[in-house]
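Below, each chain spelled out in residue letters.
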Amino acid sequence: MTLEAEYGVPTVALHTDKFDRVVRSVAAVNGMAGFRQVFVPQPIMGKSARELRGYVDGADPITGRPVMQEVVEGLTRPFDEEEGNPVEFDRSTPRLVEPDTAERLERLFLESHWTDGLPIVLPTEARVAAMLAGTRRKADEVVGRMRSTHFREYWEYTVEKVAVNAVMAGARPEYFPVILALAASGVTARSSSSSAMASMAVVNGPIRHEIAMNAGTGAMGPYAHANATIGRAYGLLSQNLQGGSVPGLSYMGNQGNSYAYNSVTFAENEERSPWEPFHVQHGLQAAHSAVSVFSGCRSTAFALGLRERHWQDHVRNLLRGMDPSIPPTLLLDPIAARQFVDRGGFAKKDALIDWLHGTAQMPAREYWDYQLVQNYIYPRATFGEEPWASKLGAAPDAMVHMFRREDIHAVVVGGETNGYWRIMGCTYQKTVSVDAWR
Amino acid sequence: MAEKIAVLNPMGFAPKVTRKPLAPRLPTLEGRTVYLVDCRFDDSDVFLGEMRAWFAEHLPGVTPVVKRISSVYLNDDPATWEEIRTRGHAAIVGVGH
């Protein structure tokens, strides 16, 4: 679209047919409803040249017309009056929904894709007012902007809009500063990526105790009201405040992701951790409260403790099982965290991160052949971006680091019922002050 | 009859849609240079190679140029866009999924 609109070059965009609705929608909200787009069958990935030639010679699965006829016409047929007309549709957001019975409103919310499929608490004026009492911020203050993907437009939202979603999630007013901080991060928990991402939120500081967040037994499961509803609110506010998360239109996650129900929201077990709290690592003081946001949660690996003889091999195996485009965050029960200290001598978390970085290596030929490395890292390497550019020079059998050191993290969580621990493949985004939103 | 209640709308505020200009179409592709822009996603390079072959067989008067974007599709690529504007007449960008 940039080529067409900003450089004046007649352009046709090719997409696979599964993305028909989403790419037309993206063109429309970018003011280019008439942008010429042609479709070929899904998938492209893994098909032979001969099979792809069949796509070129074949028909557009959406229109049934020959692909190349559409391409040539797309570059040569003048726009008719209708195509050139400005996009006209109502994008205003009324403050109130048309009054109705509770039963019919619940159905309306569900059918409008405003929920996560579970029952919600209807956001009445009284309930929203009660939620707003959980912060000193004004209802009409703008909190931030969010979008589901790079190609979408940003939507904006106020404190009141965040409160509406917090009520829907069943959150209590005392949780509201944490929810506002998540909204202020601008990091969506409803990415539209076809890789079916979810987010993770880690809460640190005194707020954990003030609102009875769980950092111990069952912290990442449905065993604390604050964890459950703050995480659910993060998901609901993301999908509604960014303008939707509708399969086939604004959500393309191929398999979906059950982590998205509450965005893996928990408190760090600071009291039982051998290391400094996560938010302190990121510039805040221990006495301050904060929430840290991670995105791209899809995969986990797990183990029980660290065995004396082969623990290093076992950890290496876990890391090697991950996709190298998605860095690891270790989620360590305090028992496992102390074992890393005892076995590896990692008195500081930095020492553990150094070791993990050095351990996670694989032959260059395997590294560069990963599909996601080809899609997202190889282009940056060829563009000269480090540290990937230097890896391009590695011999095929030379060992290369799977991850950048700064992308590897560790958080302590769990109730010490055992030393199980896991690795979440995800990308740390930012740490946001909760105190600023009280 | 159940009581009607008023509730708040949970959606955020959409930005205003501003129409952007679409480039005038070419009268013909004959004698023109058409860039086939590889967005470097999955095996789009193989696909565009086949499209280049199609042009050679069916529209030999067209000069197809396969051009890979400089980085990932998430990044803007002004150097490539400028090259296409100055050296080409049209573009086919793919393959998005």
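Here the structure is shown first, and the text comes after it.
Below you will find a few notes about this structure. A quick note: this is a predicted structure, and the numbers were derived from the prediction, not measured.

On to the packing of aromatic side chains, then. Residue and element names in this part refer to chain A. Summed over all chains, the structure comprises 15 aromatic pairs over all chains. Each ring, one from Y367 and one from W368, has its centre 5.0 Å from the other, and the planes form 85°; the classification is edge-to-face. Just as Y367 is buried, W368 falls in that class too. Arranged with centres 5.8 Å apart and planes meeting at 75°, the rings of W368 and Y378 form a pair that is edge-to-face. One end of the pair, W368, is in helix α16 (residues 364-369); the other, Y378, is in helix α17 (residues 371-382), with ten residues separating them in the sequence. Relative accessible area serves as the criterion here: at 23%, Y378 is assigned to the partly exposed category. By way of ring pairs, the aromatic residues W311, F340, F346, W355 and W421 are connected into one cluster. The cationic tip of R145 hangs over the ring face of Y154; the distance from NZ or CZ to the ring centre is 4.1 Å.

A word on the interface of chain A and chain B. When the parts of a complex come together, some accessible area is lost, and that lost area is often used as the size of the interface. Listed as interface residues are 96 residues of chain A and, on the opposing side, 65 residues of chain B. At the boundary of chain A and chain B, one finds two salt bridges. Among the salt bridges present, the one from E4 of chain A reaches R25 of chain B, with a minimum N-O distance of 2.3 Å. The interface formed by chain A and chain B includes 22 residue pairs in polar contact (both at pLDDT 80 or more). Here the element with the most residues in the side of chain A that touches chain B is α17 of chain A; it accounts for eight residues. A breakdown of the residues in the side of chain A that touches chain B according to their chemical character gives 51 nonpolar, 28 polar and 17 charged.

What follows is about the packing of helix α7 (residues 125-132) of chain A against helix α8 (residues 159-169) of chain A. All names here are of chain A. Running from amino to carboxyl end, α7 crosses α8 at an angle of 110°, the nearest separation of the two axes being 9 Å. Regarding the angle of α7 to α8, the classification is roughly perpendicular. Considering the relative orientation of α7 and α8, their crossing is right-handed. Contact residues: α7 offers R127, V128, M131 and L132, while α8 offers V159, E160, A163, V164, A166 and V167. Looking at the contact of α7 with α8 residue by residue, the classes come out as eight nonpolar, no polar and two charged.

On to the sheet that holds strand β4 (residues 90-96) of chain B, then. Taken in spatial order, the five strands of this open sheet run β2(A)-β1(A)-β4(B)-β2(B)-β3(B), and their pairing is parallel. What marks the edges here is a single partner per strand, and that holds for β2 (37-40) of chain A together with β3 (63-68) of chain B. For this sheet, the mean inter-axis angle between neighbouring strands, taken without regard to orientation, is 25°. Sheet topology note: the strand β1 (residues 11-16) of chain A/β2 of chain A ladder contains four bridges and is parallel. Looking at the pairing, H15 of chain A lines up with F39 of chain A of β2 of chain A. Helix α2 (residues 78-87) of chain B rests against β2 (33-38), β3 and β4 of chain B of the sheet, and its axis sits at about 165° to β2 of chain B.

Parameters and conventions
Residues numbered from 1 in each chain as written. Chains lettered and ligands numbered in written order. Predicted model: local features only at pLDDT ≥ 70, side-chain atom pairs only at ≥ 80, totals over all residues. Heavy atoms only, no water. Phe/Tyr/Trp six-rings, centres within 6.5 Å; stacked < 30°, edge-to-face > 60°. Buried < 20%, exposed > 50% of the residue type's maximum accessible area, 1.4 Å probe, protein only. Helix = DSSP H or I, 4+ residues; strand = E, 2+ residues; numbered from the N terminus. Lys NZ or Arg CZ within 6 Å of the ring centre and 35° of its normal. Contact = heavy atoms within 4.5 Å. Salt bridge = Lys/Arg side-chain N within 4 Å of Asp/Glu carboxyl O. Polar contact = N/O pair within 3.5 Å; in protein donor to acceptor, adjacent residues only side chain to side chain. Nonpolar A, V, L, I, M, F, W, Y, C, P; charged D, E, K, R; others polar. Axes fitted to C-alpha atoms, helices over the stretch in contact; angles between N-to-C directions. Parallel < 35°, antiparallel > 145°, perpendicular 65-115°, else oblique. Left-handed = near helix turned anticlockwise from the far one by under 90°. Pairing = 2+ DSSP bridges.

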